[in-house]
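# Residue-level structural notes
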Amino acid sequence: MQAIILAAGMGTRIPQYTQDMPKCMIKINEKPILEHTVEALRDCGIYRISIGLGYKAHVIREFIASTFGDDDKLEFSYVENPIYDETNNIYSLYLMKDVFAQDDTLLLESDLIYDKAILRELLALPAENAAVLSAFESWMDGTCCLLDEEGHINGMVGKKDFRYEDTANYYKTVNIWKFSKSFINSIYLPFLSYYISSYGRNEYYETVLKIVAGNIPDALGSLVVSGDRWYEVDDIEDLTVAEKRFAPAADRYKMIMEETGGSWRFPGMADFTVDSNPFFPSQRLFSELRYGLADCISHRPSSSGELDILAAKLLGTDPGQVCVLQEGWPSEELDGFDDASYEDFASLNGQLLENTHFIDLGRRFGVPGLSLKLLFSDSPERLKPFKGKGLVSSLGEYFMQVVGKYKKDYADATVTFKDECVRMKEAVSSIKSVSIKRPAFNRLILSHDLYPSEDDVRKLSVLLLDRYKLLVKNASQDGRGVLDIYVRDRASNDRLISALQSLEKAGEGQ
């Protein structure tokens, strides 16, 4: 078995890093992407590696020589694409056809960071020819595959044919493939040569695989892995996400906590740091929001006065008694405004809240991403300094406009939320090593006998994220380390309960 790494591209979408080096030389956690790949190949027993070069080829050659030159097991060869700036990777692979034909091959792109175990799993897969795939998620981009019931690739979807309404059936290519020598010589290379001669060099090698999948049943198998085990670095945002995903556990926890949001970028992670109703909006409301999305994002939001009218209508009061806040309003200027609790805001029944309150509508309604915040006071004079300074997105405005129609859904969701909070407290209380220090409606402060100190509970938080994909906040109370969590949906809560039970059973922390 040999490996081919395609590394000829210019990395034009991340020019601030690729001016002097190829994209695969960008460091993730203090190590170039290419180094991660070579180490992964070496760890699974692949020592013969050929690299397709192009842009800044000398940088890669010099790096390999200086980093792996003393490793007697590894054997490197290079094939350069002299017109890398005029062609795509189909031509780089075509230039490597003589090397490609020599042996069973792992074909990889050079801008990937991934769990090293994926390569071992792919090599162990019974299928001789297969792709590493992941069920499509919102952050993914590029070619997707369709699978039959036995996991064979029976179709491939490029950008031109991509349909978001069909994504439940899509599996994104990770750009790691395994091919047998027989397949390479009898099927892939003949198709590749024909395609190059007929259609040119400005395409991707996956185009040929699309033809194969559509014409030769069962030719290509698949290894489906979860989306959190790999990442493709195309731009600076990808780089920052990849840094977090593959950092050492303690560093990853720290970086994610510092972001205070964006948890959708980490698939499978349950976030217990968010104070938000997880049972609202209802699916009916989500459907209406999708219906209005196109209009919302193509138009500017209304003035702050109109926003106050919508908020007043929602709460059943006078516009003078409410004020929509600008996002990021300094907290020190809100002294004297109490945050309305879930109990205060349990229903949209038009009853006036007494005194003066700060209400995070986004969280109460389960849409913290809309940043819907407002002030409410039975004294309009108290709100005058804040009037006229509101700022809400058009989607947030539309949400306030329509959410009143779903009062019953909201009331039902609040009851469900309350019941789940009670259930969660009872389940946590049954774990002998865990104590609830300060219960609230949806907030639990937990101490853990196996992790008593502040330093211990920090390690526990890291462990919960690293092993169980659970994000929890750690703090200190009365000289002890504590976990500070908000109750989430039932499935997420059960994951946390199960994790705490497992740690207790194993006696970890002692």
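Here goes a summary of the coordinates provided. (Residues numbered from 1 in each chain as written. Predicted model: local features only at pLDDT ≥ 70, side-chain atom pairs only at ≥ 80, totals over all residues. Heavy atoms only, no water.)

With that settled, the discussion passes to the pattern of salt bridges. In this structure the tally under the stated criterion is 34 salt bridges. Among the salt bridges present, the one from Asp 234 reaches Arg 13, with a minimum N-O distance of 3.3 Å. Taken together, the residues Asp 234 in the loop between strand E11 (230–232) and helix H9 (236–245) and Arg 13 in the loop between strand E1 (2–7) and helix H1 (15–18) connect sequence positions 221 residues apart. With a relative accessible area of 13%, Asp 234 lands in the buried category. A salt bridge links Glu 121 to Arg 229, with the nearest nitrogen and oxygen atoms 2.9 Å apart. Taken as a pair, Glu 121 in helix H6 (residues 117–124) and Arg 229 in the loop between strand E10 (221–224) and E11 lie far apart in primary sequence, 108 residues in all. On the basis of relative accessible area, Glu 121 is assigned to the partly exposed category, the value being 30%. On the basis of relative accessibility, which here comes to 18%, the residue Arg 229 falls in the buried class. Taken together, the shared-partner salt bridges connect Arg 13, Lys 23, Asp 111 and Asp 234 into one network. (Salt bridge = Lys/Arg side-chain N within 4 Å of Asp/Glu carboxyl O. Helix = DSSP H or I, 4+ residues; strand = E, 2+ residues; numbered from the N terminus. Buried < 20%, exposed > 50% of the residue type's maximum accessible area, 1.4 Å probe, protein only.)

In space, the four strands of this open sheet follow the order E17-E18-E21-E20, with antiparallel pairing throughout. Each edge of the sheet is formed by a strand with only one pairing partner; in this case those strands are strand E17 (434–436) and strand E20 (473–477). The average angle at which neighbouring strand axes cross in this sheet is 40°, direction not considered. Bridge analysis of E20 against strand E21 (residues 480–486) gives five bridges, and the strand direction is antiparallel. In the sheet register, Ser 476 faces E21, and the bridge partner there is Gly 481. Across the face of the sheet, helix H17 (residues 454–468) comes into contact with strand E18 (443–448), E20 and E21 while running at roughly 35° to E21. (Pairing = 2+ DSSP bridges. Axes fitted to C-alpha atoms, helices over the stretch in contact; angles between N-to-C directions. Contact = heavy atoms within 4.5 Å.)

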